[in-house]
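Take a look at the letters that make up each chain.
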Amino acid sequence: MNRPPRIGADVALSDLPGWNSVEGLEAVGRSFRFETFSAAFEWMTRVARAAEAMDHHPEWRNVYNRVDVILTTHDADGVTELDVRLAKIMDSAFADLTR
């Protein structure tokens, strides 16, 4: 699969409110908080399905009701449109589950 070129975290962040650059990495990150562990796990499951379909997988860590995410495209050595697309999917799934 051809990967899109690196666009950089600064460009990506202009289109991703609530996301931040990750110190020491060419990556974007965000922490999502849910009411329960089950809600966090449901969100992760939804995102995992989308990530698998995109063949683009997040780095994430789940502790109870919090999921910390880092997105970067390793074979591009930085942030690409794949990361922006996956971040928007994450944001949309989060909005759906927390309404």
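Residues numbered from 1 in each chain as written. Predicted model: local features only at pLDDT ≥ 70, side-chain atom pairs only at ≥ 80, totals over all residues. Heavy atoms only, no water.

A. Just the overall build of the chain, in detail. Each helix and strand counted, the chain has three helices and four strands in total. In terms of C-alpha radius of gyration, the chain reaches 13 Å, essentially the compact-globule figure of 13 Å for 99 residues. Viewed in the frame of its principal axes, the chain has a C-alpha envelope of about 35 × 30 × 20 Å. Across the 99 residues of the chain, 39% fall into the buried class. Long-range pairs, those at least 24 residues apart, make up 65% of the contacts in the chain with a sequence separation of at least 6. Accessible surface for the chain amounts to roughly 5,800 Å². Of this, 49% is attributable to carbon and sulfur atoms. (Helix = DSSP H or I, 4+ residues; strand = E, 2+ residues; numbered from the N terminus. Rg over C-alpha atoms; globule rule 2.2 N^0.38 Å. Buried < 20%, exposed > 50% of the residue type's maximum accessible area, 1.4 Å probe, protein only. Contact = heavy atoms within 4.5 Å. Areas by Shrake-Rupley, 256 points an atom, 1.4 Å probe, with all protein chains shown as cover.)

B. Highlighting unusual backbone geometry. Although it is not a glycine, D55 adopts a positive phi angle of roughly 55°. Among the secondary structure elements, D55 is positioned in the loop between α2 (37-54) and β3 (59-63). For D55, a relative accessible area of 36% gives the class partly exposed. Notably, D77 is not glycine yet its phi reads approximately 55°, a positive angle. You can see D77 is positioned in the loop between β4 (66-71) and α3 (81-97).

C. Highlighting the sheet that holds strand β2 (residues 28-33). Read from one edge to the other, the open sheet built from four strands follows the order β1-β2-β4-β3, with strand pairing classed as antiparallel. On the outer flanks of this sheet lie β1 (20-21) and β3, each paired with one strand and no other. Here α2 sits on the sheet and contacts β2, β3 and β4; the angle it forms with β3, its principal contact strand, is near 160°. Those strands touched by α3 are β2, β3 and β4, and its axis lies near 10° from that of β2. (Pairing = 2+ DSSP bridges. Axes fitted to C-alpha atoms, helices over the stretch in contact; angles between N-to-C directions.)

D. Region of the structure containing the nonpolar core. Ranked by internal contacts, the top residues of the largest apolar core, which has 24 residues, are W19, F32, W43, V69, L71 and M90. Contributing elements (two or more residues each) for this core: α1 (9-13), β2, α2, β4 and α3. The element contributing the most residues to this core is α3, with seven residues. Setting aside anything within four residues of it in sequence, one finds F32 in contact with W19, W43, N65, R66, V67, V69, M90, D91 and F94. (Core = buried A, V, L, I, M, F, W, Y, C linked by side-chain atoms within 4.5 Å.)

E. Geometry of the side chain of T73. Within the secondary structure, T73 sits in the loop between β4 and α3. Beyond its immediate chain neighbours, meaning those up to four positions away, T73 contacts H56, G78, T80, L82 and D83.

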